[in-house]
Protein chains: 2
Amino acid sequence: MASRDGYSWTKATGLRAGVPCLGAIQPSSNVGDDAHFDVIVIGAGYCGLTAARDASLAGLKVLLLEARDRIGGRSWSSDIDGYPYEMGGTWVYWGQATVWREIARYGMQDDLEISYDFGRGINRFLLSSATGTQSFSHEQEDALLESALGKLVNVDGSFGRDTIPFPHSGLLNPQARRLDFMSVADRLAEIKHHLTPNERLAAEAFVLLCSGATLETTSFYEFLHWWALSGYSYQGCINHLVKYKFRRGQSSFAIRFFEEALGSGNLSYAFNQPVASVEDAGHQVRVVTRGGHAFAAARVVSAVPLNVLTSVKFDPPLSPARWQAAKTGHGNQTVKVHAEIGDRDLRSFTGISYPHNGLIYGFGDGETPAGNTHVVAFGGQHNHFHPEDSIEHTISAFQGFAPMKVERIVFHNWSRDEFAKGAWFFPGPGLLANHLPAMRERQGNIFFASSDWALGWRSFIDGAIEEGGRAAAAVRADLLGRARI
Amino acid sequence: MASRDGYSWTKATGLRAGVPCLGAIQPSSNVGDDAHFDVIVIGAGYCGLTAARDASLAGLKVLLLEARDRIGGRSWSSDIDGYPYEMGGTWVYWGQATVWREIARYGMQDDLEISYDFGRGINRFLLSSATGTQSFSHEQEDALLESALGKLVNVDGSFGRDTIPFPHSGLLNPQARRLDFMSVADRLAEIKHHLTPNERLAAEAFVLLCSGATLETTSFYEFLHWWALSGYSYQGCINHLVKYKFRRGQSSFAIRFFEEALGSGNLSYAFNQPVASVEDAGHQVRVVTRGGHAFAAARVVSAVPLNVLTSVKFDPPLSPARWQAAKTGHGNQTVKVHAEIGDRDLRSFTGISYPHNGLIYGFGDGETPAGNTHVVAFGGQHNHFHPEDSIEHTISAFQGFAPMKVERIVFHNWSRDEFAKGAWFFPGPGLLANHLPAMRERQGNIFFASSDWALGWRSFIDGAIEEGGRAAAAVRADLLGRARI
């Protein structure tokens, strides 16, 4: 099956919209005559899938509405010749409690593989700047990043440990609040005399890899929050952020949630149904799709991302603080692109190409069924571009890391995706300090759930499952008188 | 309420058996006339509590039998003047998926505190050996341990990453198997020319802190497994192993599992009921206590620890491989002792006192209600002693770290505890390679569940919950036709 989402390009086929995906659902709806449910879940990303699964397993009658033709939201993988290119959220780790618990629950601990393979080929880190390319060993790469990021985060003499001792706390302490009003550009200005030129390049590129924004629109606190969750070290960041992924792709994981929910016998679903309005009348909530289909339920879980919230009409309207947060939005416009290349030696390359290049961070991410190298690369707001607008430009951005012959390109354009309006959540200065509690609040019969305002691994798959579980527990407490199963 | 378990000593009261504890349960039984259940869970540590909770929440009729007068098994805390001294398993971390998921589920993320406080006092690491005491900063301590342990684990040039890339795998790869047949003493012999004298002291003391055995009876693989789970770094070990604990003690956490299970209305329980025999007749299992009470159920979950398994009579008998594993047992005879001392400056001390001392590793662990310093210290098979046999000897073992005036001592003697026969699981060479799959196998209607043979954080609270969840899922699959809720 294929999704309308995503693009692929080869010289032979040219640019094609739509990509095969294990998460595309057929038939696209199983909704019968009944239009009344216990709970309607809007959005079938990991958050909505978890909420729908947990509620349906608890015996509640659930309707899952999804605007797309597939599950997974901002995490989904291609299935091109059986090979997964990850279009969005990719990596998981046993140190991420919520997602790991699900991996263990589905017995998928042995379905992971490591992105890197430094066992063959050039085995180098290539640091390209406007003035040329330097080549380092991966040990030198680690030492450079460790030193650069160490200086960036060391606001307290303890590399952030004293500032964020408990990263799952919902309330930012005064020092953390202060850092949330700082951008990473502000922080870099503080330490500019302590960074070598290479350290500065590496620190900026790594932060932009995380935020997909600009240095000015990246909250310094949020970067420190990722760092704290990762165990306050660069190696911890590597373990948590970019190392372990599903051999068969994220969609092979997401489908388990969907199938388990379906197996309960309590799940109705309809894909291709963008929601136009949500009207909470007190005794029930009415949800109307853009196509005019109306459904009603006792409760609604909105798993709509922050950047999309204002495109749904809520009545009563979103609370002023939530509205303000949604209008502000987050600034992550990550451009994530995959290339299949003939050069097998580049399997073991990693690279930064910054600040001149469109793609900032890239590395060998796998071996394709044809035996070629699969390279993944990331850009963002900085030098932003739309890969489908000029394949030549996209290829040349890959060649900004090293000479390579690009045979295939695969990607999803998150910036032009009306149901995402950007990639994973990464806030600008002040958004969390001003609005995090408001984003998490219930309004009447509507529970707002999203990885975008999770407490732990916010903006990760882990955070999406955290939030979906929170919403389902709250619905169960309301409707069944017990919060947990 | 108080437990019979544990000891406390002050000069005024002398040695007293029994310690106040939030996990002591009154009334000790709620079993009515009915003697037939869906499932009987033997053991109310975290594994049995999780199994009993999950099964009772799924609607099964559960009987929980416990030999002691309290919940928690090898993890429980005193409640002396409202202050928790942790008698066994203590520390938790957000990187431990299974236990963290429960902490989040009970909303206890904000109930944690950090053991260390380096903000005041002497703020030194004291390394005492037979030849005298050296004093270092904590930064020097970290550098010493990082270097020493780095050399110990670096069997593959990648600090164990290539040897144990996926630590949750149930099957040891050939290289891992080979290392499991090695003791840490064997590994130290390989690298003896690469360690400084201080590195050797530090590495040996740290390993013995983890294993509670001797260097000869500590599997090198299992130490590497802890290291891998911790993210392959010393700082990762500190985060995961000895840093974050419950402000009100482990028993404040364990009681949540018990109360939730009780709240289901499906839990019967009886404390002070050591089990004598378990007879699987095929159509049902009969469990008889030492006192002669007999109960029957469709299934049994045995959460009896490895070292105690042979003291229960199973019919049909334990499988030959399981019997062999149980007869072999594990060698962790940790001596964990707490001291309340008047010296406030020692709040920020850490220390190793090895190889001459009875207590090997110690550090400031808290501030008591009286404003005194609370020091925790660990010994084991190496220079083993029973703290209650000579309080003078115990006090002098504390003074092996630094001069200190000991005002109170609190501990549980795990070696003389017939329901534990040792502390947390730590295998000698070969036990895992030979017997791990057999320890995990079901036998007829009996599910064997214990942190001792968990796949992930084996021997930790995390592993206990992993195993309790696994057992409950299997029982549900059998009796309700669905493995999960």
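Residues numbered from 1 in each chain as written. Chains lettered and ligands numbered in written order. Predicted model: local features only at pLDDT ≥ 70, side-chain atom pairs only at ≥ 80, totals over all residues. Heavy atoms only, no water.

Observations concerning helix α6 (residues 197-211) of chain A
All names here are of chain A. Under the 1.5 Å per step criterion, the end-to-end length of α6 is 21 Å for 15 residues, consistent within 8% with the ideal 21 Å. Of all 15 residues making up α6, 13 are buried, and the element is well covered by its neighbours. G212 lies just past α6 and shows a positive phi near 60°. (Helix = DSSP H or I, 4+ residues; strand = E, 2+ residues; numbered from the N terminus. Expected span 1.5 Å × (residues − 1). Buried < 20%, exposed > 50% of the residue type's maximum accessible area, 1.4 Å probe, protein only.)

Some details on the relation of the copies chain A and chain B
Mapping chain A onto chain B is achieved by rotating through 180° and translating by 0.0 Å along the same axis, at an RMSD of 0.0 Å. Interpreted geometrically, this transformation is the action of a two-fold axis. Counting the interface residues of chain A, we find that 100% of their copies in chain B are interface residues as well, pointing to one common contact surface. (Least-squares fit on C-alpha atoms with pLDDT ≥ 70 in both. Contact = heavy atoms within 4.5 Å.)

Here's the deal with the pairing of strand β7 (residues 132-136) of chain B
Across five bridges, the pairing between strand β6 (residues 125-129) of chain B and β7 of chain B is antiparallel. Bridge assignment links F125 of chain B to a residue of β7 of chain B, and that residue is F136 of chain B. (Pairing = 2+ DSSP bridges.)

Concerning the UniProt feature "binding site: substrate" (unreviewed entry) in chain A
All names here are of chain A. As recorded in UniProt, the sites labelled "binding site: substrate" (unreviewed entry) are F378. Mapping F378 onto the fold places it in strand β17 (residues 373-379). With relative accessibility at 5%, the residue F378 sits in the buried group. Beyond its immediate stretch of four places on either side in the chain, F378 contacts W91, L209, T334, V335, K336, L359, I360, Y361, F363 and W424. (UniProt positions renumbered as here; feature names shortened; annotations may be inferred.)

A short note on the domain arrangement of chain A
Residue and element names in this part refer to chain A. When its domains are assigned, chain A resolves into domain 1 (2-7 + 20-76 + 250-328 + 421-484) and domain 2 (116-242 + 335-413). Measuring from the centre of the C-alpha atoms in domain 1 to the corresponding centre in domain 2 gives 30 Å. Each partner contributes to the interface: domain 1 provides 23 residues, whereas domain 2 provides 31 residues. Buried area between domain 1 and domain 2, both sides added, is near 2200 Å², and the carbon and sulfur share of it is 66%. Area buried by domain 1 at its contact with domain 2 is led by Y7, F426 and W457, which between them contribute 34% of it. Where domain 1 meets domain 2, there are one salt bridge. In this structure, the connection of domain 1 to domain 2 is made through ten residue pairs in polar contact (both at pLDDT 80 or more). Among the elements of the structure, β1 (2-10) and α12 (431-440) are those that each provide at least two residues to the side of domain 1 that touches domain 2. It is α12 that provides the largest number of residues to the side of domain 1 that touches domain 2, a total of five residues. Counted by class, the side of domain 1 that touches domain 2 contains 14 nonpolar, six polar and three charged residues. (Domains from an automatic or database assignment. Buried area = accessible area lost by both parts, 1.4 Å probe. Salt bridge = Lys/Arg side-chain N within 4 Å of Asp/Glu carboxyl O. Polar contact = N/O pair within 3.5 Å; in protein donor to acceptor, adjacent residues only side chain to side chain. Nonpolar A, V, L, I, M, F, W, Y, C, P; charged D, E, K, R; others polar.)

A closer look at the pairing of strand β2 (residues 14-20) of chain B
Residues and elements named next belong to chain B. Bridge analysis of strand β1 (residues 2-10) against β2 gives six bridges, and the strand direction is antiparallel. Among the inter-strand pairings, A2 is bridged to a residue of β2, identified as P20. If you look at the hairpin formed by β1 and β2, you'll find three residues sitting between the two strands.

Here we look at the packing of aromatic side chains
All chains considered together, the criterion is met by 61 aromatic pairs over all chains. With a centroid separation of 6.0 Å and 40° between ring planes, the pair formed by W91 of chain A and F363 of chain A is classed as tilted. Placement of the pair is W91 of chain A in the loop between β4 (62-65) and α2 (97-105) and F363 of chain A in strand β16 (residues 361-367), with a sequence separation of 272 residues. Its relative accessible area of 10% is what places W91 of chain A among the buried residues. On the basis of relative accessibility, which here comes to 3%, the residue F363 of chain A falls in the buried class. What links up through ring pairs into an aromatic cluster is the set Y93, W94, W100 and Y244 of chain A together with F166 and Y232 of chain B. Sitting over the face of the ring of F448 of chain A, R322 of chain A holds its NZ or CZ atom 3.7 Å from the ring centroid. (Phe/Tyr/Trp six-rings, centres within 6.5 Å; stacked < 30°, edge-to-face > 60°. Lys NZ or Arg CZ within 6 Å of the ring centre and 35° of its normal.)

A word on the interface of chain A and chain B
Contact with chain A, which involves 31 residues of that partner, is made by 31 residues of chain B. For the pair chain A and chain B, the two sides together bury roughly 2900 Å², of which 56% comes from carbon and sulfur. Joining chain A to chain B, the criterion identifies zero salt bridges. One can count eight residue pairs in polar contact (both at pLDDT 80 or more) joining chain A with chain B. Listed by contribution, the elements that provide at least two residues to the side of chain A that touches chain B are α2, β5 (112-114), α7 (220-229) and α8 (234-241) of chain A. By residue number, the principal contributor to the side of chain A that touches chain B is α2 of chain A, which donates four residues.

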